[in-house]
Amino acid sequence: MTARNALSPRTVRNLGAAVPRPPRAPRPRRRQSARRVARYCRTRRGVASVLAMMFVVLFGSLAVAMAIVSKGNLRTAQTHLHVLRAMGAADTGLAVAQKRLADATARFIVEKGQVDGDFGSDLWNGTYTAGDGQVRVLANTGGFTESVTPTSIAQAVVNAFEAEQNKVTINGIPADPLIHTAPAGTDTSEYKSAGWVSTPAIAIDGDASQTGLNVAAYQVEFAPLANGTDVRIIVTGYSSVSAAGGSSYHYGGFSTQNHLRPLTRVIQQDFRVVKRHEHAMLSPSRIMIGKNVHVSGDLGSRYTDVAQNNGHPMVIKSDFMGLSPVLDAELTAFYTNVLQYDVDGDNRLRVGHSVEGAGLPSNATDYDGDGHPDNAFADATGDGYVDDFDIFMNHYDTNHDGKVVLAASLTVGTPAEGQTPEFTVDDDLALLIDSGHPDRNGNGVWGYTDTNHNGKWDAGETLLDVDTLHTASGGGPVYPDRALGYRDGVIDRKDAYHKVNGRLVFSASESAWNTAHGDPQQYLRGSLAPGAGQAPQRFSATTDELPDITAASFTSAQTPLRAAADGAAFDSQVAQQLGVAVSSLPTYTEASSDSTHVRYFRSDLSDATVYAMTGRHLYEKMPFNSPSFSDWYYRPRYENLTFNNVQIPEGNNALFVNCVFVGVTYVRTYTDNTHENWTLYGKMEWDATQNHPVTITDPLDRSDFARYTTGNPIDGPENYNDFPNPPTIHGSVRTGDTRNTKLYSNNIRFHDCLFVGTIVSDTPTEYTHVRNKLQFTGATRFTTENPDHPNDPNLNPDPADMDQICRSSMMLPQYSVDIGQFNSPTDTYSGGPAAQNVNLSGTIVAGVLDIRGNANIDGSLLLTFAPIAGQGPLQQHGQAIGNPAGFNATIGYFGPADGDGESLDPATLPIVGGHRIVGYDTDGDGLPDVGPDQAQPPGSTAVPFYGYGRINLSWNPDLPMPDGIMLPVTITPLTMTYREGRR
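K.L.:
Describe the overall build of the protein, naming the residues involved and giving the relevant values.
P.N.:
Helix and strand counts for the protein stand at 15 helices and 54 strands. Expressed as lengths along the three principal axes of its C-alpha atoms, the size of the protein is roughly 175 × 80 × 60 Å. Across the 983 residues that make up the protein, the buried fraction comes to 49%. The contacts in the protein between residues at least 6 apart in sequence include a share of 66% that link residues at least 24 apart. By element, 52% of the accessible surface of the protein is carried by carbon and sulfur atoms, the whole surface being about 43,900 Å².

Structure representation (structure tokens):
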């Protein structure tokens, strides 16, 4: 191979290793190494370039991807933000609409008790008539000017939204609120076809007039539903409303081809127009809740004169004080710390709470002196709180099994039968707790068949809530309520007992009460369990929260309840059962000595004769059996009679014993009782020489002096002009004996009577408790079905009247009402008289109400008398007398130290023969004639205190109110109807 035929180096490089290289002369080693390094360096620079290019592509791609993702995320985030704004606007709109609707309905004060479909539609549209009863429309409370006075709820809603100042314009949305027909295509089986209300759009997070602010907004429709009582609030929330030029608007979201898309959310909920009261008890006078009283529902006191002695708007006593000295010491230590550490006012201390938990007294204290810590303040019920019920449980649970076994007589027939009793001190309290909350599984079925009509479950009586699909381990039926603790013979955490399952609401301010008497909480004992989101105590409440119930709240027209008292005249019913003519009643003399026979004793008979036949005097203290009474009454006495839809004439003032009242019992009275001496005319005092009460003859008005007829100043005293004129009654001036106001009022006592129906009265203008008073004593009972003759039409109310009867057992505005007496018999006192068992339902109305003994109220109590210094019964001869705090609504027992001057405090009664006594009986009638603080007269008998009894007051919002009470309508949310979407 010659040199010219050899391949060039470039060719060789192009051909690669396939062509052998020509041999080369040896080179110095150093030079070869340098060339190799250069060649290697050139090769690595190429790889780096490739890698660099790859990374450029990779990072560029990532950058693009990240930009795309970021843009999407930003759009998603923006959209999510707009969704939240739209939803927030809708939620805000619903809250505002609910408030506007509530304010609008509250302006309508109606006489009719129940808002049915027809009346609901009439109120919404303003089409009510005289047949619907009185309807009054109040001025708005929002402070805005109305162009039209509303006659309908719909117009009141429109007026409220007309006053909105932050309206924003949106295409298709009205610029002003209006009432219109339903939209085309509306389902009229679900909605009304007319009466819809639409509002403008309202901006919520900025000034709608400010350019470019992009405010959120809401718009509301009020759609009346076909049932007439319900209104559907439909709210559209707009995320962002801003001007985009011309008549176009941007509502959030994004634009495509200049088409602006709104971003909205729609929610809706139904509300029912109802008439009901929101409190278990509402009173313009002081409220006093005593021992052995349980309340389910709110308590509202409008009393504000806190500066008076005992001027506490409310007093509540613990159920567990007075059971044991050791327990009293534990409770005292607990409540001392409650005043300092209870931050929310519920009379409980939260375990583990930074403030309240630190206030729990030490569990290491030995209160009973046995040398061991009592662990008195442990959380016995495991609910995270310690209250007086926990302390009670810890004290009596001697075997520490979490249960307190009741007395043997109360465990018979229960799962606890045969177990060792642990609490035997107060069986009435044991029954109150063990029987509380009877419908424990909430299925609407509860209670038992009360075979012996004693108001409590006894062994052998059938429990009504039974699970027929399952049997107990022993083969017997399963009773769900009992499985949850109802009448299971023990007290434990399943009873979930609180003194008040509700909150306390006061018109008085906390600061005023505190200034006058110290921390208000020291007068409010027992745990409070308010509803979700509610504070246990509310001070300075408004009139909307505590409506003003007065005599003016009741209409003078004949309500359906009064109209239902359409039976034969009172005297006719009495004469017919006596078998005599009505004309013979003024001279009738009872001859029968049989106390089970129908008998009638005139009030003007010989007292000695009547006492010999009945064991009771014709005269009695008023209030009955009170240690501090106001007057004496000679009463006609009716025994064992049955009255049907009867009107008791004014001036009757009777004592009814073991009588039955069927249907509606209507107590008549003269209503214009405004004379300043009304309660003094006819007043009596005890005459020791004659040994019976006599009428006081002190001068009361100008007719008591000759000057009244002669006109000669010398025929009267110098202060003659200070005396009032005699009263004018039924259009005539009454003087002498004819002005005795007992003849025109009605002060009646019902003893051991049965009411199968309801009792109503006229409405006196003034509260005169000495003259207009009803007392229900002994074993008096109320029911809506005759327990002994359920199928006898003559002994049960007319079916046509039942709707009204079920609304109220007692409608007695401006009357003083006593249920029970000052020593009411209970069924747990061995050897005492027949037990009281009063069951009331519906809206119970009175001027002032006192309840003692055994009673159950299912509904609410509305009281009408507001005591004001120097007015009504708090003045005499034109001068202010008395203390407004002395007029109080008393549920349970209180004494003079608490402000109940007519009663005795059982805690202070002396113990004689192992029992607390209320006094001494000197004439054998079973009633105390001498007080317990006096020496026992020779031959007298000590009268024992029969016990605190048990009282349960349960607010029932589902019971319709009776007609005739002028109260506002309101709305209640139907929580299960809340949903998103338009339809």
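K.L.:
Describe the pattern of salt bridges, with residues and values.
P.N.:
Here the structure, examined in full by the defined rule, presents 38 salt bridges. K742 is the salt-bridge partner of D631, the closest N and O atoms lying 3.6 Å from each other. On the criterion of sequence distance, the pair formed by D631 in strand 29 (residues 631-634) and K742 in the loop between strand 38 (732-733) and strand 39 (747-751) is long-range, its members being 111 residues apart. What makes D631 buried here is its relative accessible area of 1%.

K.L.:
How would you sum up the sheet that holds strand 1 (residues 108-110)? Please name residues and give values.
P.N.:
An order of 2-1-53 is seen for the three strands of this open sheet, with the pairing classed as antiparallel. Looking at the sheet topology across the chains shown, the edges are occupied by strand 2 (135-137) and strand 53 (967-968).

K.L.:
Lay out the pairing of strand 7 (residues 215-224) with the relevant residues and their values.
P.N.:
Along strand 7, ten of the ten residues are buried, which leaves the element largely enclosed by surrounding structure. A two-sided burial pattern is seen for strand 7, the buried positions comprising V215, A217, Q219, E221 and A223 on one face and A216, Y218, V220, F222 and P224 on the other. Summarising the sheet, strand 5 (residues 196-198) and strand 7 pair through two bridges and their orientation is antiparallel. Its bridge partner being in strand 7, S198 is matched across the sheet by E221.

K.L.:
Could you give an account of unusual backbone geometry, naming the residues involved and the relevant values?
P.N.:
M622 connects to P623 through a cis peptide bond whose omega is 0°. Positionally, P623 belongs in the loop between strand 28 (619-622) and strand 29. Of note in this structure, N310 is not a glycine but carries a positive phi near 60°. With respect to the helices and strands, N310 occurs in the loop between strand 16 (299-301) and strand 17 (314-316). The phi dihedral of N375 is positive, around 50°, even though this residue is not glycine. The residue N375 is located in the loop between strand 18 (349-350) and strand 19 (385-386) in this model. The partly exposed category is assigned to N375, whose relative accessible area is 40%.

K.L.:
Lay out the pairing of strand 40 (residues 754-761) with the relevant residues and their values.
P.N.:
Two faces make up the sheet, and in a regular strand the side chains alternate between them. Strand 40 sits mainly inside the fold: eight of its eight residues count as buried. Of the pairings in the sheet, the one linking strand 34 (residues 660-667) to strand 40 comprises eight bridges and is parallel in character. Paired with Y666 across the bridge in strand 40 is V760. The pairing of strand 40 with strand 42 (residues 781-783) spans three bridges and is parallel. From the neighbouring strand, F755 faces strand 42, where its bridge partner is F782.

K.L.:
Could you give an account of the confidence of the model for the protein, with specific residues and numbers?
P.N.:
Averaged over every residue, the pLDDT of the protein is 88; the share at 70 or more is 90%. With pLDDT under 50 throughout, residues 1-21 is counted as low confidence; its partners more than four residues away or in other chains account for six contacts. With pLDDT under 50 throughout, residues 243-259 is counted as low confidence; its partners more than four residues away or in other chains account for 32 contacts.

K.L.:
I'd like a description of the nonpolar core, backed by residues and values.
P.N.:
Among the nonpolar cores identified, the biggest contains 64 residues, and F656, F661, F750, I759, F776 and M810 are the most heavily contacted of them. Broken down by element, this core gets its largest block of residues, six residues, from strand 44 (residues 838-851). Ranked by size, the runner-up nonpolar core spans 33 residues in total, among them L123, V157, I202 and I971.

K.L.:
Provide a residue-level description of the sheet that holds strand 51 (residues 941-944), including the pertinent values.
P.N.:
Across the sheet, three strands lie side by side as 49-50-51; this open sheet has antiparallel pairing. At either margin of the open sheet sits one strand with a lone partner, and together these are strand 49 (911-912) and strand 51. The pairing of strand 50 (residues 915-921) with strand 51 spans four bridges and is classified as antiparallel. Counted as the bridge partner of I917 is P944 from strand 51.

K.L.:
So what about the side chain of S553? Which residues, and what values?
P.N.:
Within the secondary structure, S553 sits in the loop between strand 26 (537-538) and helix 11 (560-563). If sequence neighbours within four positions are ignored, S553 has contacts with D548, G964, I965 and M966.

K.L.:
If you had to explain the state of the cysteines to someone new, which residues and values would you point to?
P.N.:
All chains considered together, the criterion is met by zero disulfides. Looking at C659, it has no disulfide partner, and the nearest cysteine sulfur is the one in C753, 4.9 Å off.

K.L.:
How would you explain the packing of aromatic side chains if you had to name every residue and give the values?
P.N.:
Taken as a whole and assessed by the stated rule, the structure comprises 47 aromatic pairs. An angle of 15° between the planes, with centres 5.2 Å apart, marks the rings of F643 and F661 as stacked. Of this pair, F643 sits in strand 31 (residues 642-644) while F661 sits in strand 34, placing them 18 residues apart in sequence. Where F865 meets F887, the ring centres are 5.4 Å apart and the plane angle is 75°; that geometry is what we call edge-to-face. Linking F865 in the loop between strand 45 (853-863) and strand 46 (875-876) with F887 in the loop between strand 47 (879-880) and strand 48 (888-891), this pair joins segments that are 22 residues apart in sequence. According to the relative accessible area criterion, F865 is buried, its value standing at 6%. The buried category is assigned to F887, whose relative accessible area is 13%. Every member of this aromatic cluster is reached through a ring pair, and the members are F570, Y588, Y600, Y638, F643, F656, F661, F750, F755, F776 and F782. A cation sits over an aromatic face here: R482 above W457, 4.5 Å from the ring centre.

Analysis parameters
Residues numbered from 1 in each chain as written. Predicted model: local features only at pLDDT ≥ 70, side-chain atom pairs only at ≥ 80, totals over all residues. Heavy atoms only, no water. Helix = DSSP H or I, 4+ residues; strand = E, 2+ residues; numbered from the N terminus. Buried < 20%, exposed > 50% of the residue type's maximum accessible area, 1.4 Å probe, protein only. Contact = heavy atoms within 4.5 Å. Areas by Shrake-Rupley, 256 points an atom, 1.4 Å probe, with all protein chains shown as cover. Salt bridge = Lys/Arg side-chain N within 4 Å of Asp/Glu carboxyl O. Pairing = 2+ DSSP bridges. pLDDT = per-residue confidence, 0-100. Core = buried A, V, L, I, M, F, W, Y, C linked by side-chain atoms within 4.5 Å. Disulfide = S-S within 2.5 Å. Phe/Tyr/Trp six-rings, centres within 6.5 Å; stacked < 30°, edge-to-face > 60°. Lys NZ or Arg CZ within 6 Å of the ring centre and 35° of its normal.

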